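# Summary of the model geometry
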Amino acid sequence: METLAMEKLKELNQKTTRVSGSEALLLSLIAEQVTTIFGYPGGAIMPVYDKLMDFKDSLKHILTRHEQGAVHAAQGFARVSGRTGVCFATSGPGATNLITGIADAYMDSTPIVCITGQVGSHLIGSDAFQETDVVGISMPITKWNYQVTRAEEIPEAIAKAFYIAKSGRPGPVLIDITKDAMLQEMDFVYKPCNYIRSYIPVPLMKEEQLNRAAELINEAKKPLALIGQGVILAGAEKEVLAFLEKTGVPAAFTLLGLSAIPNDHPQHMGMLGMHGHAAPNIKTNDCDLLIGIGMRFDDRVTGKVSKYAKQAKIIHFELDKAEINKIVKVDAYVNGNVKETLPAVTAKLIKNSHKEWIDEFKIIREDEEKRVIKKELYPEGNKISMGEVFRVINEAVNGEAVLVTDVGQHQMMASRYFNFKNTRSWITSGGLGTMGFGLPAAMGAQFGAPEKTIISVSGDGGFQMTMQELGTIAYNRLPIKMIILNNNFLGMVRQWQELFFDERYSSTPISSPDFPVLASAYGIPGEMVKGRNDLKAAIQRMIQTPGAYLLEIKVVNKGNVFPMIPQGAAVNEVLFGDEKPSK
């Protein structure tokens, strides 16, 4: 059934009708099929919030407890649903509070549209109350931004914003609207945008690129595919599976590429990077062909670039041409949307198997199992390890949940030990590494996928950065399952201090409130677990309890994440935790 607002939109587009700029903004969002907005009101954006009262049947506004919560929620919504997230903020501090989330979305190619209020156009440049040049501030971290000073600009600006945010390599867009533009009247007509001169979001496939890539893959004896988030953003999971199963090539995954295919696929060799699995990291410097698919060869994946895969030829399947040859020099590339380019190459490939090559990965994996994984998943002693928490979570949900994390040791443990079964079941902050991301991103994920179980996992440090969003969760009755792994440290920084700074724990011990008591103040049930004997039953209670639940788990204070590639080391210089690293 069409909403009243959609009916009104059709009516308005059939005749010339005068509306305010604020109403034009909301009608434009409805035209882009927006249903959920995260935000926080203030003086400069008040006219928009006033008009929101007239659109309750079409636009659900979620009042977060901080603007940073709004933008991270928009990210979580976008990442789980594949749609564009939307957030509102007022001018000045409201707008600047979005900046961290916008930068995070830019680094991780997340499509969001941020709408900020601005002082009246006659006051711009006068240092008026709550005036900030948010367009200037956000320019380096947006795909596009624009300041609207007249009401009649609003529909076109919104149309462009959604087209740019979602097309090509996705990313954040910001539209700053002056208060007088919100109040002015205009003749409303909305035209969706599907073309901008000089903006080419998806380059055309070139046959010579396809042929060269196919030639190298057919010739390779020890190929290794590196799968990134570009596969998920393109919706190319089936195309990647078809490529892998035809070629027999083993595959490794970037942090954000996890969940593109199920973990239990026989060609899934694990995660790349500083805290990734040993086999794909070591074999990067032993393969004869690297095939990067929708990934950007960032420093956490490559380690020391001068020692990265020097023995191998490299192919790069990549949408954004600026990423090609940016970090590593490649022997061939295929520039385009991987959903189109990969099957075009797959059609040219010879059916193959690389069983002996994959067996070499398994030997290293078995060594890692003995030296690291078994100890982490089944630890000795009385203290709970982070890894065993994820083992118990796996037993409880069997991959049928969306896991959202904050940043730190728990994030790396989650990426290593959670059983990813479905695509878009993994939401975390990758490129920017934003502490405080997890809880508000989980809120957005719950709105983006209301039918799914959303599990939020945070450390005691990161949770305290945005824990005010417990208010948003309680008010909206979001059934998020919140886990806090509490080791009384800023754990990842402490690990580096232990290994590389002579155990000088400067400003990393941290105190916390009684988290379950804090949750109870919001009407959210919860409990604290200190012993292993209580862990499984507590996680079952959390999953089975209707509505939100907070579970604080006391974990070993000085646990470390291994394997680890030290910063500046080569990818095959892997520490397993039973060696003494050089300072």
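Above: the structure in question.
The model shown is predicted, which means the values in this text are computed figures rather than measured ones. (Residues numbered from 1 in each chain as written. Predicted model: local features only at pLDDT ≥ 70, side-chain atom pairs only at ≥ 80, totals over all residues. Heavy atoms only, no water.)

## Remarks on the overall build of the chain
Which entries qualify depends on this criterion: Each helix corresponds to a stretch of at least 4 residues labelled H or I by DSSP, and each strand to a stretch of at least 2 residues labelled E; elements are numbered beginning at the N terminus. As defined in this context, the radius of gyration uses C-alpha atoms, and a globule is described by 2.2 Å times the residue total to the power 0.38. Under the scheme applied here, a residue whose accessible area is under 20% of the maximum for its type counts as buried, over 50% as exposed, and between as partly exposed, the area being computed with a 1.4 Å probe on protein chains only. Here, residues are in contact when the closest pair of their heavy atoms is within 4.5 Å. Per-residue and other accessible areas follow the Shrake-Rupley method at a 1.4 Å probe size, with only the shown protein chains counted as cover for residues. Asp and Glu are treated as the negative residues and Lys and Arg as the positive ones, with His and the ends of the chain left uncounted. We put the charge of a Lys on NZ, of an Arg on CZ, of an Asp on CG and of a Glu on CD.
Along its length, the chain carries 24 helices and 20 strands. Computed over the C-alpha atoms, the radius of gyration of the chain is 25 Å, within 12% of the 25 Å expected from 2.2 N^0.38 for a compact globule of 583 residues. C-alpha atoms of the chain, sized along the principal axes, occupy 70 × 60 × 50 Å. Sorting the 583 residues of the chain into buried and exposed places 58% on the buried side. In the chain, 76% of the contacts between residues at least 6 apart in sequence involve partners at least 24 apart. If you sum the accessible surface of the chain, you get close to 23,400 Å²; carbon and sulfur atoms cover 52% of it. Mean positive and mean negative side-chain charge positions of the chain (62 and 64 charges, respectively) differ by 3 Å.

## A few points about the packing of aromatic side chains
Here is the rule: Any two rings among Phe, Tyr and Trp, with Trp reduced to its six-membered ring, count as a pair given centres within 6.5 Å; such a pair is stacked if its planes are under 30 degrees apart, edge-to-face if over 60, and tilted if neither.
Applying the stated criterion to the full structure yields 12 aromatic pairs. Summarising the aromatic geometry, the rings of Phe 38 and Phe 77 are spaced 6.2 Å apart at their centres and angled 65° between planes, so their arrangement reads as edge-to-face. With a gap of 39 residues between them, Phe 38 in strand 2 (residues 36-39) and Phe 77 in helix 4 (residues 67-81) connect regions that are remote in the sequence. For Phe 77, a relative accessible area of 3% puts it in the buried group. Each ring, one from Phe 463 and one from Phe 515, has its centre 5.4 Å from the other, and the planes form 80°; the classification is edge-to-face. Taken together, the residues span a long stretch of sequence, with Phe 463 in helix 20 (residues 460-463) and Phe 515 in helix 23 (residues 515-521) at a distance of 52 residues.

## Examining empty space enclosed by the protein
Quick note on the threshold: Cavities and pockets were defined on a 1 Å grid built over protein atoms only: a cavity is a set of grid points that admits a 1.4 Å probe from which the probe cannot escape, a pocket is an open set flanked by protein on both sides within 12 Å along at least five of seven lines, and lining residues are those with an atom within 4 Å of any such point. Grid points are joined across faces, edges and corners, and a volume is the space filled by probe spheres set on the points. Where each domain begins and ends follows an automated or database-derived domain assignment.
Counted by the stated rule, this structure contains two cavities of 30 Å³ or more. By volume, the largest cavity is sized at about 80 Å³. Lining the largest cavity are Arg 79, Gln 229, Ile 232, Leu 233, Leu 256, Leu 258, Ser 259, Arg 424, Trp 426 and Ile 427. Secondary structure elements with two or more residues in the lining of the largest cavity: helix 11 (229-234) and strand 16 (426-427). Each of domain 2 (207-360) and domain 3 (380-554) contributes no fewer than three residues to the lining of the largest cavity. One number sums up the size of the second largest cavity: a volume of about 40 Å³. In this structure, the second largest cavity is lined by Ile 217, Asn 218, Thr 247, Val 249, Leu 349, Ile 350, Asn 352 and His 354.

## As for the packing of helix 4 against helix 6 (residues 99-107)
Put simply, the rule reads: Interaxial angle, 0 to 180 degrees, is taken between N-to-C directions of lines fitted to C-alpha atoms, where a helix line uses only the stretch in contact. Oblique is the label for any angle not covered by the other classes, which are roughly parallel (under 35 degrees), roughly antiparallel (over 145) and roughly perpendicular (65 to 115). Crossing chirality is assigned from the near helix's rotation relative to the far helix, an anticlockwise turn below a right angle marking it left-handed and a clockwise turn marking it right-handed.
Direction vectors running N to C along helix 4 and helix 6 enclose 20°, while the axes themselves pass 8 Å from each other. As judged from the angle between their axes, helix 4 and helix 6 are roughly parallel. In this structure, helix 4 meets helix 6 at a crossing whose hand is right-handed. Along its contact with helix 4, which presents Gln 68, Val 71, His 72 and Gln 75, the element helix 6 presents Thr 100, Gly 101, Ile 102, Asp 104 and Ala 105.

## Observations regarding unusual backbone geometry
A cis amide bond links Phe 562 to the next residue, Pro 563, at an omega of 0°. Its identity is not glycine, yet Phe 297 carries a phi of approximately 50°, on the positive side. Here Phe 297 falls in the buried class, since its relative accessible area comes to 2%.

## Considerations on the packing of helix 2 (residues 21-31) against helix 8 (residues 154-166)
Interhelical geometry of helix 2 versus helix 8 gives an angle of 30° and a closest axis separation of 9 Å. It follows that helix 2 is roughly parallel to helix 8 by the angle criterion. Of the two elements, helix 2 crosses helix 8, and the hand of that crossing is right-handed. Here Gly 21, Ala 24, Leu 25, Ser 28 and Leu 29 of helix 2 lie close against helix 8, whose contacting residues are Ile 154, Pro 155, Ile 158 and Phe 162.

## Observations concerning the sheet that holds strand 19 (residues 526-529)
So the rule is basically this: Two strands pair under a simple rule: DSSP has to find at least two bridges between them.
Taken together, six strands build an open sheet; the order of strands is 16-15-17-18-20-19 and the sheet is parallel. The open sheet has two edge strands, strand 16 and strand 19, and neither has a second partner. The pairing of strand 15 (residues 402-405) with strand 17 (residues 454-459) spans four bridges and is classified as parallel. Paired with Val 404 across the bridge in strand 17 is Ser 456. Set on the sheet, helix 17 (residues 386-397) makes contact with strand 15, strand 17, strand 18 (481-486) and strand 20 (549-554); between it and strand 18 the angle comes to about 160°. Along the sheet, helix 24 (residues 532-544) contacts strand 17, strand 18, strand 19 and strand 20; its crossing angle with strand 20, the most-contacted strand, is approximately 165°.

## Here's the deal with the side chain of Ser 20
Threshold: Under the rule applied, a polar contact is a pair of N or O atoms within 3.5 Å (in protein, one hydrogen donor and one hydrogen acceptor; residues adjacent in sequence only if both atoms are side-chain atoms).
Position of Ser 20 relative to the elements: it lies in strand 1 (residues 18-20). You can call Ser 20 buried: its relative accessible area is 13%. At 3.1 Å, the side chain of Ser 20 forms a polar contact with the backbone nitrogen of Glu 23. Residues contacting Ser 20, with those up to four places away along its chain left out, are Lys 51, Met 182, Leu 183, Gln 184 and Glu 185.

## Considerations on the nonpolar core
To keep things clear, this is the line we draw: Only buried residues count toward a nonpolar core, which is a set of Ala, Val, Leu, Ile, Met, Phe, Trp, Tyr and Cys residues joined through side-chain atoms within 4.5 Å.
Counting 102 residues, the largest nonpolar core has Ile 293 and Phe 317 as the members making the most contacts within it. Looking at this core element by element, the count peaks at seven residues for helix 16 (residues 355-377). A domain-level breakdown of this core finds at least three residues from each of domain 2 (207-360) and domain 3 (380-554). Within the second largest apolar cluster, 45 residues are counted, among which are Phe 447, Leu 470, Met 482 and Ile 524.

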